[in-house]
Amino acid sequence: MKMKFLKLTFAVATLAILGTACKKDAVQPDNKLALQNTTAALAVGDTEAGVVTNSSTSPTSWTPVGYDLLNNVVASSGNQVNFDSNFNGNITIAGTNSLGYYDSPSVTNVTGITLTDVSSVTLGTISTLGSNTTTVVGWYNYDRVNRTITPVAQRYAVVGNGSTIAGSTRLYVVQLDGVTTSGTYNTTVNFHTKRLK
């Protein structure tokens, strides 16, 4: 009888230990993906498409839209640039960042631009790239008759967080893909950003 009792006690203890060891912690559904609904920073060498949309009450009162190139999102703080003015097609520097531009002799897509390509670009001599005229360097041509904007081929905005290319620890090259309008004063600005540093 004593032996039966010991065997039964041993069996119950073994089941208790196995039951405890195999017990799985309940996972909360909200904790399964910690990165869900967050943005990842643009890695050096990567290129991402960006878009800005906006509406205006008149052709002369476009509200600036801030854009964080590092996180590839519209942002009112931490943004390196604003898209403003003519259908929000202008790219204007924000904060302590610096702006320059690069005309490539052969590269037609921002993905092909390298740090070597832009190494001689001077930052900080301009604060905005907008409409290209005979007297002002811009990154789009504006047709006043048809009210259309066409990007200047092979011209890239260069944005750095320093006053020089070498002195910048974060450096971006932005290519304007197009500015389209719908309705009276609704606009969509499409562009690609490549991070060089």
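Rules behind the numbers
- Residues numbered from 1 in each chain as written.
- Predicted model: local features only at pLDDT ≥ 70, side-chain atom pairs only at ≥ 80, totals over all residues.
- Heavy atoms only, no water.
- Helix = DSSP H or I, 4+ residues; strand = E, 2+ residues; numbered from the N terminus.
- Buried < 20%, exposed > 50% of the residue type's maximum accessible area, 1.4 Å probe, protein only.
- Contact = heavy atoms within 4.5 Å.
- Areas by Shrake-Rupley, 256 points an atom, 1.4 Å probe, with all protein chains shown as cover.
- Pairing = 2+ DSSP bridges.
- Polar contact = N/O pair within 3.5 Å; in protein donor to acceptor, adjacent residues only side chain to side chain.
- Phe/Tyr/Trp six-rings, centres within 6.5 Å; stacked < 30°, edge-to-face > 60°.
- Salt bridge = Lys/Arg side-chain N within 4 Å of Asp/Glu carboxyl O.
- Core = buried A, V, L, I, M, F, W, Y, C linked by side-chain atoms within 4.5 Å.

S.K.: Looking at this structure, how should I read the overall build of the protein chain?
M.R.: The helix and strand tally for the protein chain stands at 2 helices and 12 strands. Starting at the N terminus, the α and β elements of the protein chain follow one another as α-β-β-β-β-β-β-α-β-β-β-β-β-β. When the 197 residues of the protein chain are sorted by exposure, 37% land in the buried category. Across the protein chain, contacts joining residues at least 24 apart in sequence account for 57% of those joining residues at least 6 apart. A total of about 11,600 Å² of accessible surface is found on the protein chain, and carbon and sulfur atoms cover 56% of it.

S.K.: What is the right way to read the pairing of strand β11 (residues 171-182) from this model?
M.R.: On a regular strand, each side chain points to the face opposite its neighbour's, so the side chains alternate between the two faces of the sheet. The sheet contact formed by strand β10 (residues 155-160) and β11 spans 4 bridges and is antiparallel. Looking across to β11, one finds that A157 is bridged to V174.

S.K.: Whenever I open this one, the side chain of T187 confuses me. Can you help?
M.R.: Position of T187 among the secondary structure elements: in strand β12 (residues 186-195). Within the structure, T187 has its side chain in polar contact with the backbone oxygen of T180 (distance 3.4 Å). With sequence-adjacent residues up to four places away left out, T187 is seen in contact with V52, T53, N54, W62, F87, N88, V179, T180 and T181.

S.K.: Got a minute to help me understand the packing of aromatic side chains in this structure?
M.R.: For any two aromatic rings, the description comes down to two numbers: the centre-to-centre distance and the angle of the planes. One pass over the structure, following the stated rule, counts 5 aromatic pairs. Between Y67 and F83, the aromatic rings sit 6.2 Å apart at their centres with planes inclined by 85°, giving edge-to-face as the arrangement. Placement of Y67 in strand β2 (residues 65-68) and of F83 in strand β4 (residues 81-84) is noted, with a sequence separation of 16 residues between them. Since its relative accessible area comes to 0%, F83 is described here as buried.

S.K.: Would you take a moment to explain the pattern of salt bridges for this structure?
M.R.: Oppositely charged side chains are able to pair whenever their charged atoms sit close together. All chains considered together, the criterion is met by 1 salt bridge. For R155, the salt bridge is made with D103, and the minimal N-O distance between the two is 2.6 Å. Placement of R155 in strand β10 and of D103 in strand β6 (residues 98-103) is noted, with a sequence separation of 52 residues between them. D103 sits in the partly exposed class, given a relative accessible area of 36%.

S.K.: Can you walk me through the nonpolar core in this structure?
M.R.: A general tendency of soluble globular proteins is for nonpolar side chains to be buried together. If you look at the biggest cluster of nonpolar residues, it comprises 25 residues, and the most contacted ones within it are V81, F83, I91 and W139. Among the secondary structure elements, those contributing two or more residues to this core are β2, β4, β5 (90-93), β8 (140-143), β10, β11 and β12. Sequence-distant contacts of V81, defined by excluding residues within four places in its chain, comprise V65, G66, Y67, L69, I91, T92, I93, A94 and V159. With 13 residues, the next largest nonpolar core counts V110, I113, I165 and L196 among its residues.

S.K.: Honestly, the sheet that holds β2 in this entry has me stumped. Any pointers?
M.R.: Neighbouring strands of a sheet are bound in pairs by backbone hydrogen bonds; such pairs are parallel or else antiparallel. If you trace the 5 strands from one edge of the open sheet to the other, you get β3-β2-β4-β5-β7, paired in antiparallel fashion. Strands with a single pairing partner mark the edges of an open sheet, and in this sheet they are β3 (73-74) and β7 (128-129).

S.K.: Please clarify how the pairing of β10 should be interpreted in this entry.
M.R.: Most of β10 sits out of view: 6 of its 6 residues are buried. Burial along β10 is two-sided: R155, A157 and V159 facing one way and Y156, V158 and G160 facing the other are all buried. Relative to β10, β6 runs antiparallel, the two sharing 6 bridges. Within β10, the position partnered with D103 by the bridge is R155.

S.K.: I would appreciate a short explanation of unusual backbone geometry in the present structure.
M.R.: Generally, phi is negative for residues other than glycine and the peptide bonds are trans, each holding for most cases. Backbone geometry at N88 places phi at a positive 60°, although glycine is not the residue there. The residue N88 is located in the loop between β4 and β5 in this model.

S.K.: Help me understand the environment of V81, please; the structure alone is not making it clear to me.
M.R.: Checked against the element boundaries, V81 lands in strand β4. Taking the relative accessible area as the measure of exposure, V81 reaches 0% and is therefore buried.

S.K.: Please explain the environment of G95 as it appears in this structure.
M.R.: Here G95 shows up in the loop between β5 and β6. Residue class for G95 comes out exposed when judged on its relative accessible area of 75%. In this structure the C-alpha to C-alpha distance between G95 and Q80, which are 15 residues apart in sequence, comes to 6.6 Å.

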